[in-house]
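One-letter residues, chain by chain:
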Amino acid sequence: MTTAPPFASMFAKPEEVGNPSGILLYGPPGTWKTSTAGGIVKVPSFADKKVLYIDIDQGSKVFVNDPEVFAGVQEGRINIVPIDKLAPEAFGQLQYFLGADDANGEFQKGEAFKWGYDVVILDSLDVAQDVAVKWFMNHTIAEKTGKKDTLGAWGKVGPWTTDVAWAFQNYEGLGIVVMHSAESTSESGVFAIKPKLGGSAKDNIASIFDLVAYVDFEANPEDRSDVQLVATLGKSDYIVSKNRWMLPDKIWSFDLPSFYQMIHARRADTAKKAAALQAA
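Worth saying up front: this structure is predicted, and the values here are computed from it rather than measured.

Conventions and cut-offs
Residues numbered from 1 in each chain as written. Predicted model: local features only at pLDDT ≥ 70, side-chain atom pairs only at ≥ 80, totals over all residues. Heavy atoms only, no water. Helix = DSSP H or I, 4+ residues; strand = E, 2+ residues; numbered from the N terminus. Contact = heavy atoms within 4.5 Å. Buried < 20%, exposed > 50% of the residue type's maximum accessible area, 1.4 Å probe, protein only. Phe/Tyr/Trp six-rings, centres within 6.5 Å; stacked < 30°, edge-to-face > 60°. Arc of directions from axis to C-beta. Polar contact = N/O pair within 3.5 Å; in protein donor to acceptor, adjacent residues only side chain to side chain.

Q: Explain the environment of Tyr 53 to me, using residue names and the numbers behind them.
A: Topologically, Tyr 53 is positioned in strand β2 (residues 51-55). When the C-alpha positions of Tyr 53 and Ala 90 are compared, they lie 16 Å apart, and in sequence the two are 37 residues distant. Contact partners of Tyr 53, with chain neighbours within four places excluded, come to Thr 34, Gly 59, Ser 60, Phe 63, Asn 79, Ile 80, Val 81, Ile 121 and Asp 123.

Next up, the structure:
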């Protein structure tokens, strides 16, 4: 009789291994980030899944332009939560859906991660952080002076943003975060394009997600008139990216269906090689 090893209930199932848990798409305005995120409904394995789209950047106007997304909204498979970033209650709504610190200072995931959605999308994290900055700046008071504490506020903004990112990455479904990019030049003259965040979050956000893709339009080197949406996944000296599937450094005509097709093909190839090793 075979006895199950300790903690067997915690072991990952084969079908759970290999798919991304969190995806970060970032790039300049107008580079189809929102549409790309919405394209998750076109991935065969997500065709009948439930999606929650949290919109604090008015991206839903683009999001529903896709017929398949629009149909999903009509059928109730895709739910959109619009948040007015200028409303006084905006940050309270973000905390409710995304998460907030409890009385002990421990981050607790928000309601968006408790309702059983297969996919949760946030558009966009940098705008959400802007709302958080405004709120913390107005509500963080120094004990000694009784005045607003700017340094203390930033000390809360960074961890909150990072905790939200981890909530998406560690979600039992799929978490997709969309955000804008920012260009910067360090004192040493190094030019870099990073996700547009402030505080401590700007330096560690890219290390959190399984996939960090910088998306922008590029002309085909062989035909300059052929402009495509390109996702940069490979290591670069000036673009922050992350790729755990050993895919090409650049994916041309990028969308999520083609991305999933590529990782599924790689997994099938790995399984084939593993079966050959077992048979040897």
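Q: So what's going on with the environment of Arg 266? Residues and values would help.
A: Examined against the element boundaries, Arg 266 turns out to sit in helix α8 (residues 256-279). By relative accessible area, which is 35% here, Arg 266 ends up partly exposed. Filtering out sequence-adjacent residues up to four positions away, Arg 266 remains in contact with Trp 245, Met 246 and Leu 247.

Q: I'd like a description of the packing of aromatic side chains, backed by residues and values.
A: Tallied over the entire structure, the rule returns 16 aromatic pairs. Taking the centre distance of 5.1 Å and the plane angle of 65° together, the rings of Phe 91 and Trp 160 count as edge-to-face. You can see Phe 91 sitting in helix α4 (residues 90-98) and its partner Trp 160 sitting in helix α6 (residues 150-169), a full 69 residues away along the chain. Overall, the relative accessible area of 4% leaves Trp 160 in the buried class. Among the aromatic side chains, those forming a connected cluster through ring pairs are Phe 46, Trp 245, Phe 259 and Tyr 260.

Q: Could you give an account of α4, naming the residues involved and the relevant values?
A: If you check which residues of α4 are buried, you get Ala 90, Phe 91, Leu 94, Phe 97 and Leu 98. Looking straight down α4, one finds its buried side chains confined to an arc of 130°; they lie on one side. Two residues or fewer past α4, Gly 99 is found with a positive phi of approximately 135°.

Q: An account of the side chain of Gln 129 is needed here, citing residue identities and associated values.
A: Checked against the element boundaries, Gln 129 lands in helix α5 (residues 125-139). Exposure remark for Gln 129: the relative accessible area of 3% places this residue in the buried category. A polar contact is formed between the side chain of Gln 129 and the side chain of Thr 161, at a distance of 3.1 Å. If we skip the residues at most four places from it in the chain, Gln 129 touches Val 157, Thr 161, Leu 197, Gly 198 and Ala 201.

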